[in-house]
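Fold and contact review
Read off the chains here:
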Amino acid sequence: MAAGAGVSKGTASLALSGADGPSAATRARVADVAARLGYRANRPATLLARRRTHLLGVVMQVRSGYHAELVDHVQAAAEVAGYEMVLSPVTRTHDEERAVTTLLDGRCEALLLLGPELAVRRLEELAARRPVVAVGRRTSARAVDVVRSADDDGVALVVEHLAALGHRELALVGGGSGAIARDRRRGFERAGARTGTRGRLVAGGTTEEAGAAAVRSLLRTPGRADLPTALLAQTDLVALGVLDALADVGLAVPGDVSVTGYDDSPLARLRRVDLTSVDQGAQAQAVAAVTAAVERLDGGRTTRAEVVLGPRLVVRGSSGPPRSAAAGRPRGD
């Protein structure tokens, strides 16, 4: 190839790698010969020679449909920026700490943590080693960039929607104990005070099982066999468990009980689920997260960035007016 372009092997190598030295005309001539010969550069080897990997490490919850959607958008945004994405999922046997260690061992240049639950101190330790972007969660960790939706506003949109339909008794279901769940609980309580709705908090996790268990606990609570007229699940996955448990006791959605989720994941959009949910702007979050990482890696930015996106309520068939008082309230016995 070098001979075909009339240059030395060293000059051809510099031209193909984009390094300084060869003129624009020489670069064009080498590129033309390379194209005719079907030459394709060994990108990993080139990057290794530059002591760069151009790898963005992503940690996600394997059971989260919303995280899966985020990953799809992160991959696309990374490719546009000239980076590759490396995925390390959190599973039943592979916790968040191990997922992060895997990415560090793989020489990822930055970490994009989706809904991280690591302590602030640990996030700060990681940020001292690599650029870190926390996606979906607020944090006070210094030097950690944040890209998130305004979760308190998102839940408030749901409460206001249900209040406008005539609901006065609501319950917020599941969500765990992390920063995301705390923001959503705060939004629920504040919106309840504004709208005059009565709200209950039903503690639980972030899984389908947590949603089903929450419904069962409401049905068997002494003096509270009557369900609230609307159940707000903190994630779409929790909402699926809520829907299953309600179906098991013969309660119709939304005829007997309205149900809403959060994330507007692909699950919510299924015709048989048809779940009212909150869209957090997955694509916008992914693009902002990749941009934040690349700004530090290639642009030299050192100041902390925080991007907060406004959520959007997506109304579907799982929410409707409350059951009439004349019909009485269905019981779980």
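Rules used throughout
- Residues numbered from 1 in each chain as written.
- Predicted model: local features only at pLDDT ≥ 70, side-chain atom pairs only at ≥ 80, totals over all residues.
- Heavy atoms only, no water.
- Phe/Tyr/Trp six-rings, centres within 6.5 Å; stacked < 30°, edge-to-face > 60°.
- Lys NZ or Arg CZ within 6 Å of the ring centre and 35° of its normal.
- 1 Å grid on protein atoms, 1.4 Å probe; cavity = no way out; pocket = protein on both sides within 12 Å on 5 of 7 lines; lining within 4 Å.
- Points joined across faces, edges and corners; volume = space filled by probe spheres on them.
- Nonpolar A, V, L, I, M, F, W, Y, C, P; charged D, E, K, R; others polar.
- Helix = DSSP H or I, 4+ residues; strand = E, 2+ residues; numbered from the N terminus.
- Polar contact = N/O pair within 3.5 Å; in protein donor to acceptor, adjacent residues only side chain to side chain.
- Contact = heavy atoms within 4.5 Å.
- Buried < 20%, exposed > 50% of the residue type's maximum accessible area, 1.4 Å probe, protein only.
- Axes fitted to C-alpha atoms, helices over the stretch in contact; angles between N-to-C directions.
- Parallel < 35°, antiparallel > 145°, perpendicular 65-115°, else oblique.
- Left-handed = near helix turned anticlockwise from the far one by under 90°.
- Pairing = 2+ DSSP bridges.
- Salt bridge = Lys/Arg side-chain N within 4 Å of Asp/Glu carboxyl O.

By the naming in an unreviewed UniProt entry, the protein is LacI family DNA-binding transcriptional regulator, taken from Pseudokineococcus basanitobsidens.

**A look at the packing of aromatic side chains**
As enumerated under the stated definition, the model contains zero aromatic pairs in all. In this structure, Arg-184 packs its charged tip against the face of Tyr-262, placed 3.8 Å from the ring centre.

**Section: empty space enclosed by the protein**
Enumeration according to the criterion identifies one cavity of 30 Å³ or more in this entry. As for the largest cavity, its lining consists of Val-155, Val-158, Leu-172, Leu-232, Ala-233, Thr-260, Gly-261 and Tyr-262. Considered class by class, the residues forming the lining of the largest cavity number six nonpolar, two polar and no charged.

**Remarks on the side chain of Thr-229**
Positionally, Thr-229 belongs in the loop between helix H10 (208-220) and strand E8 (230-233). Polar side-chain contacts of Thr-229 include one of 2.7 Å to the side chain of His-167. Not counting chain neighbours up to four residues away, the residues in contact with Thr-229 comprise His-167, Arg-168, Glu-169, Asp-256, Val-257, Ser-258, Pro-322 and Arg-323.

**Some points on the environment of Ala-214**
For Ala-214, the position within the fold is in helix H10. Classification of Ala-214 by relative accessible area gives buried; the value is 3%. Linking Ala-214 and Val-238, residues 24 residues apart in sequence, is a C-alpha distance of 9.3 Å.

**Remarks on the packing of H10 against helix H11 (residues 236-248)**
Interaxial distance between H10 and H11 falls to 6 Å at its minimum, and their mutual angle equals 45°. With respect to H11, the axis of H10 lies oblique. Judged by the twist between their axes, the crossing of H10 over H11 is right-handed. The residues of H11 that touch H10, namely those facing Glu-208, Gly-211, Ala-212 and Val-215, are Leu-237, Val-238, Leu-240, Gly-241, Val-242, Asp-244, Ala-245 and Leu-246. When the residues that make up the contact of H10 with H11 are grouped by side-chain class, the tally is eight nonpolar, two polar and two charged.

**Concerning the sheet that holds strand E1 (residues 55-61)**
Strand order across the open sheet formed by six strands is E2-E1-E3-E4-E5-E11, with parallel pairing between neighbours. Pairing within the sheet leaves two strands with one partner each, and these edge strands are strand E2 (84-90) and strand E11 (306-309). If you compare each strand with its neighbour and ignore which way they point, the axes differ by 15° on average. Here strand E4 (residues 132-135) runs beside strand E5 (residues 144-149); their pairing, made up of four bridges, is parallel. Paired with Val-133 across the strands is Asp-145, a residue of E5. The strands touched by helix H13 (residues 282-299) are E1, strand E3 (110-114), E4, E5 and E11; relative to E5, the strand with the most contacts, the crossing angle is about 170°.

**Quick look at the side chain of Ser-64**
Tracing the chain through its elements places Ser-64 in the loop between E1 and helix H5 (65-80). Residue class for Ser-64 comes out buried when judged on its relative accessible area of 17%. At 3.0 Å, the side chain of Ser-64 and the backbone nitrogen of His-67 are in polar contact.

**Side note on the layout of surface pockets**
In this structure, the largest pocket encloses a volume near 760 Å³. In this structure, the largest pocket is lined by 39 residues; those nearest its centre are Gln-61, His-67, Glu-117, Thr-206 and Thr-235. The set of elements that each furnish at least two residues to the lining of the largest pocket consists of H5, helix H9 (179-195) and H11. For the lining of the largest pocket, the class distribution of residues is 13 nonpolar, 19 polar and seven charged.

**Quick word on the pattern of salt bridges**
Inspection of every chain in the model, using the stated rule, returns 22 salt bridges. With a shortest N-O distance of 2.8 Å, Asp-145 and Arg-296 are connected by a salt bridge. With Asp-145 in strand E5 and Arg-296 in helix H13, this residue pair connects regions lying 151 residues apart in the sequence. According to the relative accessible area criterion, Asp-145 is buried, its value standing at 1%. Owing to a relative accessible area of 15%, Arg-296 belongs among the buried residues under this scheme. As a salt-bridge pair, Asp-264 and Arg-269 come within 3.8 Å of each other at their nearest N and O atoms.

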